[in-house]
Amino acid sequence: MKTLRTFFTLAWPFWGDRRQWQAWLMLLTVIGLGLLVVQINVLINAWSKVFYDTLGAFRTDDLYRLMGEYALYIGSYVVIVVYLDWLRKAVVLRWRRAMTASTIGAWMQGQAFYRLGFDGEPDNPDQRIAEDIRLLVDRSVELLVSFIANMAQVGAFLSILWGLSGTQTFTLWGHSFTVEGYLVWIAVIYTIVGTAITHGIGRPLQRLNYEQQHREADFRASLLRRRDHAEQIALYRGEAVEQRHLGERFERIAYNWRRLMDRQRSLSFFTVGYDRVSLIIPVFAALPAFLAKTITLGGLMQIRSAFNAVQNSLSWFIDAYWRLAEWSATVERLGQFQQAIERSRVQVREPCCGEALCVRQLDVLRPDGSLLLAGVDASVAKGEWVRIEGRSGLGKSTLLRTLQGLWPYCRGDWQLPEGRSLLLPQQPYLPSLPLRDLLAYPATALPEDARLREVLQAVGLDALTERLGDEREWSRELSGGEQQRLSIARALLYQPDTLYLDEATNQLDDASACRLLELIRQALPRATVIGISHQPTVQRLFQRSLNLESAPLAEAVAV
């Protein structure tokens, strides 16, 4: 029941939205087509009795007519099944698109993607968004449609099988028993026993599927991390170590896969035998009536067809067991991810905004609750340049992230200046985008190319002015100093009201760093700049310093 509750929580935002009436219409059409398939199977079942009786009587003219009738059934069956599959995939695409967009939106909102890393982030969020959503949507639609079709088939063929069974009298241990619809009871009892055995054998599959998805995602993530840090690995000549670590990751996959194989083999031993035996049970059960000539060959074939239809439909749980196990594991993983996102929002503390930056008795904590910075007190006027001073590891960068609202572990009060803010980290973020998009980041609107070229020339990246349309792995192609120049170019284009600099020029020589900061002062004369830097020449560009080494930490010391 917990799995079903989690599933409804995941599915309701889409299926409970009135705007998704087209998706409902498509889903109902898919179900309707599935019911048409059941109706065609009923017609074919009735046809089989007439055909085999006609065949036994050697009525050639009727045989040709019946063959044409069968061709019509098969043609209709093919068309319906093809469109059913196409519409089912269309429903899957519509639902997956909406669910992916909403999940990414929730993941991005309030920097949840960043905050999740502080306290028990679920493994591999990328895999949960890309792969688990696909599996959840695809399996849910597939299982729902097949379940409804199979239950409809049970209803359609149960009455047929009951009528064909008639009333049978059995003698057992000297007692006579009269049973109505005995073939139905054989099918039901056979299915119940098979379902119980299947669940007993296959119960561990849910846990094994969950673990398999986890380990596969870990392996892919490890490969991506090696690719992202290819240069560092090459400089260290660390190929042998990386190969060993990747091999260990894959062996974890292989070990769990072997356990999954063994469990599926055990289940297959039963289910394959179960399916094969079910084909002959109705023949053996109806054989006495056939030998007594109370039913014809056509009647025997109709009984076999009807019995198999009922038994196969009742065995839906058995046939779909491995898909249900995979679906259940996927629901659990996505449910955990959604809960983690909700927990991360509880930590969010939105500071108020005013004319200037003002901090009052701010304590910055570590995730475990221990104190990192105590009693920070500061006030920064609009347009001021203030440097945060202190030894490495003291918490200067964490203070910047706290002021930005990114670090949730804090107490006290602070007010942020109004307007847009931008934090330039020591290592710029350079995704694989066209250069013009990379320069405009994080803005969504792109400036004119002429403006982009002007800014590139201003920061000393003249060689890139003719490459605005290039999409490269810029983090590999550009040196550390070039990456920081590009980061400064972003600030010039974004034009924030408050600019935070976290060692944003430490890979540049002093003269270049000073020239770029002077460029910022000229281009953004009204911007408030709060920076961290250990470069002596850069430090002199700031009007004053906030010394975090002092006690209490309320002193703003003029440089």
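Parameters at a glance
- Residues numbered from 1 in each chain as written.
- Predicted model: local features only at pLDDT ≥ 70, side-chain atom pairs only at ≥ 80, totals over all residues.
- Heavy atoms only, no water.
- Helix = DSSP H or I, 4+ residues; strand = E, 2+ residues; numbered from the N terminus.
- Buried < 20%, exposed > 50% of the residue type's maximum accessible area, 1.4 Å probe, protein only.
- Contact = heavy atoms within 4.5 Å.
- Areas by Shrake-Rupley, 256 points an atom, 1.4 Å probe, with all protein chains shown as cover.
- Lys, Arg positive; Asp, Glu negative; His and termini not counted.
- Charge placed at Lys NZ, Arg CZ, Asp CG, Glu CD.
- Core = buried A, V, L, I, M, F, W, Y, C linked by side-chain atoms within 4.5 Å.
- pLDDT = per-residue confidence, 0-100.
- Salt bridge = Lys/Arg side-chain N within 4 Å of Asp/Glu carboxyl O.
- UniProt positions renumbered as here; feature names shortened; annotations may be inferred.

Draft legend 1. Region of the structure containing the overall build of the protein chain. The helix and strand inventory of the protein chain stands at 19 helices and 12 strands. The principal-axis extents of the C-alpha atoms in the protein chain amount to approximately 110 × 50 × 50 Å. Counting over 559 residues, the protein chain shows a buried share of 46%. Of the contacts made within the protein chain by residues no fewer than 6 positions apart, 77% connect residues no fewer than 24 positions apart. As displayed, the protein chain has an accessible area near 29200 Å², and 58% of this comes from carbon and sulfur atoms. The distance from the centre of the 61 positive side-chain charges to the centre of the 58 negative ones in the protein chain is 5 Å.

Draft legend 2. Seen up close, unusual backbone geometry. Of note, the amide linkage connecting Tyr441 to Pro442 takes the cis form, showing an omega dihedral of 10°. As for its position among the elements, Pro442 is in the loop between α14 (435–440) and α15 (449–458). Not every positive phi belongs to a glycine, and Gln361 is a case in point at roughly 50°. Looking at the secondary structure, you find Gln361 in strand β4 (residues 357–365). A positive phi is found at Glu503, a non-glycine position, where the angle reads about 50°. With respect to the helices and strands, Glu503 occurs in the loop between β9 (498–502) and α18 (510–523).

Draft legend 3. Broad picture of the nonpolar core. In terms of nonpolar packing, the biggest core is built from 46 residues, with Phe7, Trp15, Trp95, Met99, Leu136 and Ile341 touching the most fellow members. Contributions of two or more residues to this core are made by α1 (2–15), α2 (21–57), α3 (60–108), α5 (125–165) and α12 (321–346). Top contributing element to this core by residue count: α3, with 13 residues. Apart from the residues within four sequence positions on either side, Leu136 is in contact with Phe7, Leu10, Met99, Trp327, Thr330, Val331 and Leu334. By size, the runner-up hydrophobic cluster in this structure holds 39 residues, among which are Leu430, Val459, Leu493 and Leu541.

Draft legend 4. Main features of the confidence of the model for the protein chain. Counting all residues, the mean pLDDT for the protein chain is 83, and 92% of those residues have values of 70 or more. Here residues 551–559 is modelled with pLDDT under 50, and outside its nearest four sequence neighbours on either side it reaches 22 contacts, counting other chains as well.

Draft legend 5. How the structure looks around the pattern of salt bridges. Applying the stated rule across the entire model yields 29 salt bridges. A salt bridge links Asp377 to Arg360; the nearest nitrogen and oxygen atoms lie 3.5 Å apart. Here Arg360 lies in strand β4 and Asp377 lies in strand β5 (residues 371–380), a separation of 17 residues in the sequence. Residue classification places Arg360 among the partly exposed residues on the basis of a relative accessible area of 43%. Between Asp449 and Arg436 there is a salt bridge; the shortest N-O distance is 2.8 Å. In this pair, Asp449 is assigned in helix α15 and Arg436 in helix α14, connecting sequence segments 13 residues apart. Residue Asp449 is classed as partly exposed on the basis of its relative accessible area of 25%. Residues joined in a network through salt bridges with shared partners are Asp85, Arg88, Lys89, Asp138, Arg139, Glu142, Arg323 and Glu326.

Draft legend 6. Region of interest: the side chain of Ser487. Mapping Ser487 onto the fold places it in helix α17 (residues 480–494). Of the residues examined, Ser487 reaches a relative accessible area of 2% and is grouped as buried. Sequence-distant contacts of Ser487, that is, excluding residues within four places in its chain, are made with Leu424 and Pro428.

Draft legend 7. Representation of the UniProt feature "transmembrane region" (unreviewed entry) in the protein chain within the structure. What UniProt calls "transmembrane region" (unreviewed entry) maps, in this numbering, to residues 21–44, 70–87, 143–162, 182–202 and 267–291. Taken end to end, residues 21–44 is 100% helix and 0% strand, and its first and last C-alpha atoms sit 35 Å apart.

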